[in-house]
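Observations on the three-dimensional arrangement
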Amino acid sequence: MKNQTARLIIVCLFGLYCSVSGAAEKKTIGWVEPISIDGGKFTFLAKIDTGADGLSINAQDVRQFEKNGQNWVSFIITNGKGREHLIMKPIISYVRVKRKEMKSERRPVIMMDVCLDQHHSEEKVNLVNRGNYKYQGLIGRRFLEGHFLVDSEITNTTKPKCKF
Amino acid sequence: MTKKMITVGWREWVSLPELGLTHIKAKIDTGAKTSCLHAFEVDAYTENGVDMVRFIMHPVQKNTEIIQECKARIIDQREVSDSGGHKELRYVIMTELKLPDTSWDIEVTLTNRDTMAFRMLLGRAAMEGRMLVDPKASFLLGTKTE
């Protein structure tokens, strides 16, 4: 019995230690931050959106084609400063986005390695065409979870520096 | 001097006492600048020369039988874009946001777009200098208790 209590206390303390240290490791970032893709080859600004679940990027000139019996997509990302980057990826699925008083939109989903500050992971990314949107990416909770806290007062406080 | 910031999750129970809304589940949304309430039957009128707005809230998600009538002074009308990029002219009110240990006044716009899953969105302007959002957490300020 005594032994069990001791074990329980140890488990509790450990749990407390983990949750405290876990919280301390989260880095505070702004609501706009630069992210890089394609192994750090291209960097652009993304909105850090705790109201969104997933990730999306603003894709121009989206073309779907077939390659070895698989559906692929090619598109261009701009960085808002005149630089462009061409990407070609297999389509892994589609998402249907309901739109008020408009036909619902079918967006291709691809896998892409995304880097913010020192954190990177391979993520499902929706391709959207927002035209002249101010931020070329939107990063939702799935990518941020466990790594970042978001401060609504600050922007552009980090640089993507991931080790691939 | 650094202000003490409150860390909140991406969903929280908050209170808007001046509107009679004691428990409302809000999405804490750094993707939105303005806060907004999902209001029904929004109706502007004048009371002693002051521009006012009356509206109805269904404070409980997925329950349209509970109704709260609210009124507030209009401080502005503003064109706001929703997440789909649609522009809408909305009334803006100022009201007290109350959390367990603190409160401050926030601007809130009223919309009746029915695609909103949450009754309230808390945007960046209301959070600036006061809140950090932990995207992994929910209900750090406590769960609804009555």
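First, a word on scope: everything that follows refers to the structure included in this document. Here the structure is a predicted model, which is why all the values come from computation and not from measurement. Residues take numbers from 1 onward in each chain, read along the sequence in its written order. Each chain gets a letter, beginning with A, and each ligand a number, beginning with 1, in the order they are written. Residue-level local features of this predicted model are given only where pLDDT is at least 70; pairs of side-chain atoms are given and counted only at 80 or more, and the full residue set underlies all totals for whole chains, interfaces and linings.

1. Quick notes on the pairing of strand β12 (residues 148–151) of chain A
In summary, the side chains of a regular strand alternate between the two faces of the sheet. Put simply, a residue is buried when 20 or more other C-beta atoms lie within 10 Å of its own C-beta and exposed when 12 or fewer do; between those, it is partly exposed, and each C-beta is set from the backbone. Only DSSP runs of H or I reaching four residues or more are called helices, and only runs of E reaching two or more are called strands; each is numbered from the N terminus. Residue alternation in β12(A) divides its side chains into two sets, A:Phe148 and A:Val150 and A:Leu149 and A:Asp151, and both sets are buried. Inspection of the sheet shows strand β1 (residues 27–30) of chain A paired to β12(A) by four bridges, in the parallel sense. Pairing of A:Ile29 across the sheet is with A:Val150, part of β12(A). Strands qualify as paired when DSSP identifies two bridges or more between them. Taken together, the two bridges between β12(A) and strand β10 (residues 131–133) of chain B define a ladder with antiparallel strand orientation.

2. What to know about the interface of chain B and chain A
Note on interface size: it is often stated as the accessible area lost on association of the parts. Facing 23 residues of chain B, the contacting portion of chain A comprises 22 residues. For the side of chain B that touches chain A, the secondary structure elements donating two or more residues are β3 (21–28), α1 (124–127) and β10 of chain B. Among the residues making up the side of chain B that touches chain A, the classes are represented as eight nonpolar, eight polar and seven charged. By definition, residues are in contact whenever their C-beta atoms, placed on the basis of the backbone, come within 7 Å of each other. The classification used treats Ala, Val, Leu, Ile, Met, Phe, Trp, Tyr, Cys and Pro as nonpolar, Asp, Glu, Lys and Arg as charged, and all other residues, Gly among them, as polar.

3. Some words on the nonpolar core
All names here are of chain A. By convention the nonpolar core is taken to be a set of buried residues drawn from Ala, Val, Leu, Ile, Met, Phe, Trp, Tyr and Cys and joined through C-beta atoms within 7 Å. With 56 residues, the main nonpolar core has Ile-35 and Ile-139 as its most contacted residues. Among the elements that make up this core, the one with the highest residue count is strand β9 (residues 105–116) (four residues). Excluding residues within four positions of it along the chain, Ile-139 makes contact with Ile-35, Ala-46, Ile-48, Asp-49, Leu-55, Leu-116 and Leu-144.

4. Notes on the environment of A:Lys26
Relative to the assigned elements, A:Lys26 resides in the loop between α1 (2–25) and β1. Given 19 C-beta atoms within a 10 Å radius, A:Lys26 is considered partly exposed. The spatial distance from the C-alpha of A:Lys26 to the C-alpha of A:Leu149 is 6.2 Å, given a sequence separation of 123 residues. Beyond its immediate sequence surroundings of up to four residues, A:Lys26 is in contact with A:His147, A:Phe148, A:Leu149 and B:Asp134.

5. A few points about the sheet that holds strand β6 (residues 70–78) of chain A
Residue and element names in this part refer to chain A. Within the open sheet, the three strands sit side by side as β5-β6-β7. Their pairing is antiparallel. Of all strands in the sheet, those bounded by a partner on one side alone are β5 (60–67) and β7 (84–90). Along the sheet, successive strands turn relative to each other by an average axial angle of 20 degrees, direction set aside. In this structure, β5 lies alongside β6, joined through six bridges in antiparallel fashion. Counterpart to Arg-63 in the pairing with β6 is Ser-74. The axes used here are C-alpha line fits, helices contributing only the stretch in contact, and every angle between their N-to-C directions lies in the interval 0 to 180 degrees.

6. Let's talk about the environment of A:Ile139
By the element assignment, A:Ile139 lies in strand β11 (residues 137–139). The exposure class assigned to A:Ile139 is buried, which follows from the 31 C-beta atoms found within 10 Å.

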